[in-house]
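Take a look at the letters that make up each chain.
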Amino acid sequence: MRVARPGEFVVSYSQRKISCIGKIADYAIHAPKPEEFKNTGDYWSQEGWLLPVIWYQLDNPVFLPDIFDDIKDHLPKKYSPINPNNGNGNQKAYLANIDQSIFDHIAAIAGFSSQNLEENVISGTDFVEQVENKICESILTSDSLSDTEKLQVTKSRVGQGQFKNNIYKIEAKCRVTGINNPLLLIASHIKPWRSCINKHERLDGYNGLLLSPHADFLFDKGFISFLDSGDLLFSQLLENSDIEKLGIRRDIAIKEPFLEGHLPYLEYHRNEIFMP
């Protein structure tokens, strides 16, 4: 899931046929297991990866047995989504790479063109909003929080209210750019709001940073992160030229060590959000 890139195509295979082809809209995000799953996959973690995909329903679904002989020699030797010996689906392969020739063959038979997806406008941000809206709904209908607490928790989703005040008690400026003008700073969660397991994590000032808008975007997407020492980490997906154009310089970054309360959240960000 983490190696999938925006713009790549995804083939959906179920019941021995391919009925949908999708286009990846954004990098995978960490998100809680959908409530719709209910008791399905009780042994799964309550958190996993959500890959934003724009789907197109094929007018001419492709029945795998009809094309199996054409593609079996091109299937991956390891982690193949299809058993190359009998054509059965590999139940352990949730998402796997396939050869370009296989995709081209499927697309040709289905009469699929990338233009089929151009009219669909959706982004990874839309997917995140859908996930967080559902979490908000569950919070607002919860009996375990007072009306005041519900308001505080939902406001923290967009870096407002009590959460932002809690950060200002600890942080004074953007650690990436050094900007300290409150009008130019965003109260950003280190462990994403959607992944927090309780009210405390969503409102905890140690789970937040004050970041300038472009630094907030990079941090939220996992293009940058921090060591406990305060040193910046850059993803290999960021070109040095892009970093320079964004005006991010290591000599400007605030290299002050983080406090103990920050450390569990930073470890989470490095392990689950940051893309090395």
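Residues numbered from 1 in each chain as written. Predicted model: local features only at pLDDT ≥ 70, side-chain atom pairs only at ≥ 80, totals over all residues. Heavy atoms only, no water.

### A closer look at the sheet that holds strand 5 (residues 53-63)
Two modes of strand pairing occur in sheets, parallel and antiparallel, and in both the strands are linked by backbone hydrogen bonds. Strand order in the open sheet formed by three strands is 1-2-5, with antiparallel pairing between adjacent strands. Sheet topology places strand 1 (9-14) and strand 5 at the edges, where each strand pairs with a single neighbour. For this sheet, the mean inter-axis angle between neighbouring strands, taken without regard to orientation, is 25 degrees. Bridging between strand 1 and strand 2 (residues 17-24) involves six bridges; their strand directions are antiparallel. Bridging across to strand 2, Phe9 finds its partner in Lys23. In the packing of helix 1 (residues 64-71) onto the sheet, the strands contacted are strand 1, strand 2 and strand 5, and the crossing angle to strand 5 comes to about 95 degrees. Against the sheet, helix 2 (residues 100-110) engages strand 1, strand 2 and strand 5, with an angle of about 70 degrees to strand 5. (Pairing = 2+ DSSP bridges. Helix = DSSP H or I, 4+ residues; strand = E, 2+ residues; numbered from the N terminus. Axes fitted to C-alpha atoms, helices over the stretch in contact; angles between N-to-C directions. Contact = heavy atoms within 4.5 Å.)

### As for the packing of aromatic side chains
For any two aromatic rings, the description comes down to two numbers: the centre-to-centre distance and the angle of the planes. Per the counting criterion, the structure on display carries six aromatic pairs. Ring centres 6.4 Å apart and planes at 80 degrees place the aromatic pair Phe103 and Phe112 in the edge-to-face group. Overall, Phe112 belongs to the buried group, its relative accessible area being 10%. Aromatic side chains Phe226 and Phe258 sit 5.5 Å apart centroid to centroid with 70 degrees between the ring planes, which places their arrangement in the edge-to-face category. Of the two residues, Phe226 is situated in strand 8 (residues 224-226) and Phe258 in the loop between helix 8 (240-245) and helix 9 (263-273); the sequence distance between them amounts to 32 residues. For the pair shown, Phe226 and Phe258 are each scored as buried. Clustering of aromatic rings is evident, with ring pairs tying together Phe9, Tyr56, Phe103 and Phe112. One cation-aromatic arrangement involves Arg175 over Phe258; the distance from NZ or CZ to the ring centre is 3.7 Å. Taking the ring centre of Tyr268 as reference, the NZ or CZ of Lys191 above it sits at 4.9 Å. (Phe/Tyr/Trp six-rings, centres within 6.5 Å; stacked < 30°, edge-to-face > 60°. Buried < 20%, exposed > 50% of the residue type's maximum accessible area, 1.4 Å probe, protein only. Lys NZ or Arg CZ within 6 Å of the ring centre and 35° of its normal.)

### Digging into the pattern of salt bridges
Side-chain pairing between opposite charges can occur once the charged atoms of the two side chains come close. All chains considered together, the criterion is met by seven salt bridges. Of the charged contacts in the structure, one is a salt bridge between Lys191 and Glu201, with a shortest N-O distance of 3.1 Å. Of the two residues, Lys191 sits in the loop between strand 6 (186-189) and helix 6 (199-203) while Glu201 sits in helix 6, which places them ten residues apart along the sequence. In this pair, the class of Lys191 matches that of Glu201, namely buried. Of the charged contacts in the structure, one is a salt bridge between Arg270 and Asp228, with a shortest N-O distance of 3.0 Å. With Arg270 in helix 9 and Asp228 in the loop between strand 8 and strand 9 (232-234), this pair connects stretches of sequence that are 42 residues apart. Among the residues examined, Arg270 registers a relative accessible area of 22% and is labelled partly exposed. (Salt bridge = Lys/Arg side-chain N within 4 Å of Asp/Glu carboxyl O.)

Any functional reading would require information that these geometric values do not contain.
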